Amino acid sequence: MYFICLNHKDKQIIIHTDRPICSNKKELLNSKSFREILFFFWKRLKKTNSPLLSECGLSLENEEGIEKLYTVLLGLIDTRFDGPDLLNGPDNRIDMASLDSLVNELYDFWRSFDRFIVLHGRPGPSSYDQRPYRAFNETIESFTHLVRSTYRDLSENITRRHPQIYRQVAAGVNVGLIALPMEVYLPEPYQQIFHNVSFIRQIWIDPPMIIDPPSNKRSGEFIKVQKNPLLGLGVDSQEWLCYPALVGSLLIYIYFHQRFISLGCSLANLFELASDEQIFKRPAPDAIYAYGIPYNESMPAPLAFYDDYENGILAAAVPGDDRFAYFGYLKKMVLTLHNVAMMKRGLMPFHGALVQVHLQDKVPVNILIIGDTGAGKSETLEALRTIGGDALRRMKVIADDMGSLQVTDVSVLGYGTEIGAFIRLDDLEQGYAFGQIDRSIIMNPQRVNSRVVIPITSMEEVLKGHPIHYLLYANNYEDVSDDFPLLKRFESVPAALEVFVRGASMSKGTTTDSGVTHSYFANIFGPPQYHELHQRLAEAVFHKAFALGIFVGEIRTRLGVPGYERSGPKLAAEELFRHFM
């Protein structure tokens with residue numbers, strides 16, 4: 001098996017193979033895939049009425065021009081430029097500079113796509129997943145070198161000189177996957193739908209990776225429906241992949257259509273990829289999510305999840321429309337499923353950031369800041385990292401966005417869900433970065449609400465369970481005054497619950513909402529759909545927190561107050577730091 005999917009609309013190329021590809025330059029140029037890419041390149045030149053082909057003496061009017069270009073390129077791979085010899089005659093001379101420009105534009109055309117390779121294998125001792133580094137090296141690394149050296153040989157044979165500057169640009173693929181069919185248990189009807197879909201076992205990423213999905217905002221909430229949205233779903237196993245994700249203590253099978261492969265692969269920076277042992281030691285996954293299903297009018301809701309009590313599984317689906325081609329629809333639906341499952345297990349889910357702060361000569365402090373998207377949770381904690389100076393020994397991220405709280409006899413324990421962070425870049429100053437940019441996946445960098453997905457913690461920290469010392473609500477919409485200080489401690493459980501239940505926040509353009517909005521516990525991802533259950537859990541958490549003397553309060557980040565978009569989180573962090581000291 002060896003075929004290429006070229007999606008011109010979404011600017012992506014996916015190579016599916018179960019064997020090494022293109023061992024030399026001539027094999028690369030002779031491949032069906034290269035001819036297909038060359039044809040699409042010619043179509044773009046024709047659409048834009050580019051002068052490049054005519055300047056080279058080649059026709060733009062019919063496919064004869066592209067065939068002659070192919071002949072020229074094939075001849076140039078081993079031979080220096082000689083116009084008459086290449087096209088058999090003095091009347092077919094090609095301009096050297098124009099041909100060099102044409103080759104450069106073809107190279108840039110190839111690199112303008114998001115490029116992926118899926119290595120398909122079969123379980124066994126010689127399978128790709130048993131030797132992933134070698135498999136990636138023999139395919140991706142060698143393919144990258146082959147594409148780059150082919151381009152350079154063509155250019156040097158045209159210009160008859162070596163370049164003085166060598167730029168090692170990403171010439172091969174951006175992402176490589178090893179995918180295998182796995183005999184996992186799925187209850188009916190899920191087994192019938194997904195049984196032939198391959199599971200991703202390893203992922204190779206060449207960061208920083210930049211992708212530009214059609215949408216850059218999320219709209220609406222995920223609806224709990226009374227009919228399973230996966231019933232009757234037809235899945236072509238060649239067009240779908242499964243990312244088995246560890247989401248906190250849960251196992252969720254995330255199935256995605258290959259049209260959304262760039263978003264699906266970005267999950268690797270956010271959720272741990274489950275191992276074979278972690279998959280097979282469970283009777284079934286806790287939830288199943290199909291991202292990219294065909295949309296039809298009979299669907300109960302486009303953003304739907306279903307509580308399958310009979311099989312003990314949560315099932316969810318989102319259509320493959322452009323309006324849902326945003327990473328937030330992947331992440332937030334997965335976290336909705338997590339939140340529902342944790343509530344049913346007796347834990348209260350939270351929408352917030354949880355970190356452990358290690359100060360000189362003091363015991364570690366665990367801070368949970370709860371708030372809506374864009375409330376300034378992560379920004380405040382990252383500002384705390386930068387202002388801590390020598391007094392700050394270490395900061396460990398336990399949860400960047402979602403987690404859960406468990407009440408015990410002696411503490412309120414906090415757990416995380418993700419090993420990564422989906423960070424908005426718009427409001428972050430230089431120095432607020434979560435980690436090294438060369439590990440990141442950047443989305444829509446030229447648009448409002450540009451984001452970066454970056455790994456920031458380990459699964460051990462996520463699952464450990466940390467006693468909460470500060471439980472704060474992030475207020476991003478009110479200015480500071482004598483009556484409204486930067487950091488305020490609530491005096492009673494009812495006073496605290498009133499603020500958390502109201503869930504007020506100034507929208508920051510990360511969704512289609514605007515102005516000050518209200519959502520129950522600043523968390524539309526599960527709690528409103530199970531309001532009665534969540535309220536019981538929340539009351540138990542807050543009563544235990546007050547009984548233990550945990551600091552329960554409100555911190556004003558002012559991220560939504562004009563003029564304080566950048567300084568607000570920093571000033572809030574400084575006040576928090578003063579309180580520690």
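Data block above holds the structure.
Quick caveat: nothing in here was measured; it's all calculated off a predicted structure. (Residues numbered from 1 in each chain as written. Predicted model: local features only at pLDDT ≥ 70, side-chain atom pairs only at ≥ 80, totals over all residues. Heavy atoms only, no water.)

Notes on the overall build of the protein chain
Right, on to step 1. The helix and strand tally for the protein chain stands at 16 helices and 27 strands.
Right, on to step 2. On the principal axes, the C-alpha backbone points of the protein chain span a range of 90 × 55 × 45 Å.
Right, on to step 3. Expressed as a percentage of its 581 residues, the buried residues of the protein chain come to 58%.
Right, on to step 4. For the protein chain, the accessible area works out to roughly 24,100 Å², and carbon and sulfur atoms hold 49% of it.
Right, on to step 5. Counting 59 positive and 68 negative side-chain charges, the protein chain places the averaged centre of each group 2 Å from the other. (Helix = DSSP H or I, 4+ residues; strand = E, 2+ residues; numbered from the N terminus. Buried < 20%, exposed > 50% of the residue type's maximum accessible area, 1.4 Å probe, protein only. Areas by Shrake-Rupley, 256 points an atom, 1.4 Å probe, with all protein chains shown as cover. Lys, Arg positive; Asp, Glu negative; His and termini not counted. Charge placed at Lys NZ, Arg CZ, Asp CG, Glu CD.)

Focus on the pattern of salt bridges
Two side chains carrying opposite charge are able to pair once their charged atoms lie near each other.
Right, on to step 1. Tallying each qualifying case throughout the model produces 26 salt bridges.
Right, on to step 2. One salt bridge in this structure joins Asp153 and Lys25, with 3.4 Å as the shortest N-O distance. Of this pair, Asp153 sits in helix α7 (residues 132-159) while Lys25 sits in helix α1 (residues 25-30), placing them 128 residues apart in sequence.
Right, on to step 3. A relative accessible area of 25% places Asp153 in the partly exposed class.
Right, on to step 4. A salt bridge links Arg111 to Asp108, with the nearest nitrogen and oxygen atoms 3.5 Å apart. (Salt bridge = Lys/Arg side-chain N within 4 Å of Asp/Glu carboxyl O.)

So, the packing of aromatic side chains
Right, on to step 1. If you walk through the whole model with that rule in mind, you get 26 aromatic pairs.
Right, on to step 2. The interplanar angle of 75° and the centroid separation of 5.2 Å between the aromatic rings of Tyr470 and Phe580 together place this pair among those described as edge-to-face. Residue Tyr470 is located in strand β23 (residues 470-475), and its partner Phe580 is located in helix α16 (residues 567-580); the two are separated by 110 residues in the primary sequence. The same class applies to Tyr470 as to Phe580, namely buried.
Right, on to step 3. Ring centres of Phe500 and Phe521 lie 6.0 Å apart, and the angle between their planes is 35°; this geometry places the pair in the tilted category. Residue Phe500 is located in helix α14 (residues 493-502), and its partner Phe521 is located in the loop between β26 (516-518) and α15 (531-548); the two are separated by 21 residues in the primary sequence.
Right, on to step 4. Connected via pairs of aromatic rings, a cluster forms that spans Tyr473, Phe490, Phe500, Tyr520, Phe521 and Phe542.
Right, on to step 5. Over the face of the ring belonging to Tyr70 we find Arg35, whose NZ or CZ atom lies 4.0 Å from the ring centre.
Right, on to step 6. Looking at Arg111, its charged tip hangs above the ring of Tyr107, at a distance of 5.5 Å from the centre. (Phe/Tyr/Trp six-rings, centres within 6.5 Å; stacked < 30°, edge-to-face > 60°. Lys NZ or Arg CZ within 6 Å of the ring centre and 35° of its normal.)

What about the sheet that holds strand β20 (residues 441-443)?
Right, on to step 1. Overall, mixed pairing links the 4 strands, which are arranged β6-β20-β21-β19 in an open sheet. The open sheet has two free edges, formed respectively by β6 (209-211) and β19 (420-424), since each of these has just one partner strand. Averaged over all neighbouring strand pairs, the angle between strand axes comes to 20°, with direction disregarded.
Right, on to step 2. Here β19 pairs with strand β21 (residues 451-455) via 5 bridges, running antiparallel. Within β21, the position partnered with Ala421 by the bridge is Ile454. (Pairing = 2+ DSSP bridges. Axes fitted to C-alpha atoms, helices over the stretch in contact; angles between N-to-C directions.)

Describing unusual backbone geometry
Right, on to step 1. The amide bond that connects Glu188 to the next residue, Pro189, takes the cis arrangement and shows omega of 5°.
Right, on to step 2. When you line up the elements, Pro189 lands in the loop between β4 (175-180) and α8 (190-194).
Right, on to step 3. Residues other than glycine seldom take positive phi values, yet Phe521 does so here, at roughly 55°.
Right, on to step 4. Residue Phe521 is classed as buried on the basis of its relative accessible area, which comes to 2%.
Right, on to step 5. Phi at Arg558 takes a positive value of approximately 55°, unusual for a residue other than glycine.
Right, on to step 6. Positionally, Arg558 belongs in the loop between β27 (551-556) and α16.

Comments concerning the packing of helix α6 (residues 96-111) against α7
Right, on to step 1. As a packed pair, α6 and α7 sit with axes 9 Å apart at the nearest point and diverge in direction by 165°. The angle between α6 and α7 places the two elements in the roughly antiparallel class. Helix-helix and strand crossings are classified by hand; for α6 and α7 the assignment is left-handed. For the pair formed by α6 and α7, the contact residues are Met96, Leu99, Asp100, Val103, Asn104, Tyr107 and Trp110 on the first element and Phe143, Val147, Arg148, Tyr151, Leu154, Ser155, Ile158 and Thr159 on the second. (Parallel < 35°, antiparallel > 145°, perpendicular 65-115°, else oblique. Left-handed = near helix turned anticlockwise from the far one by under 90°. Contact = heavy atoms within 4.5 Å.)

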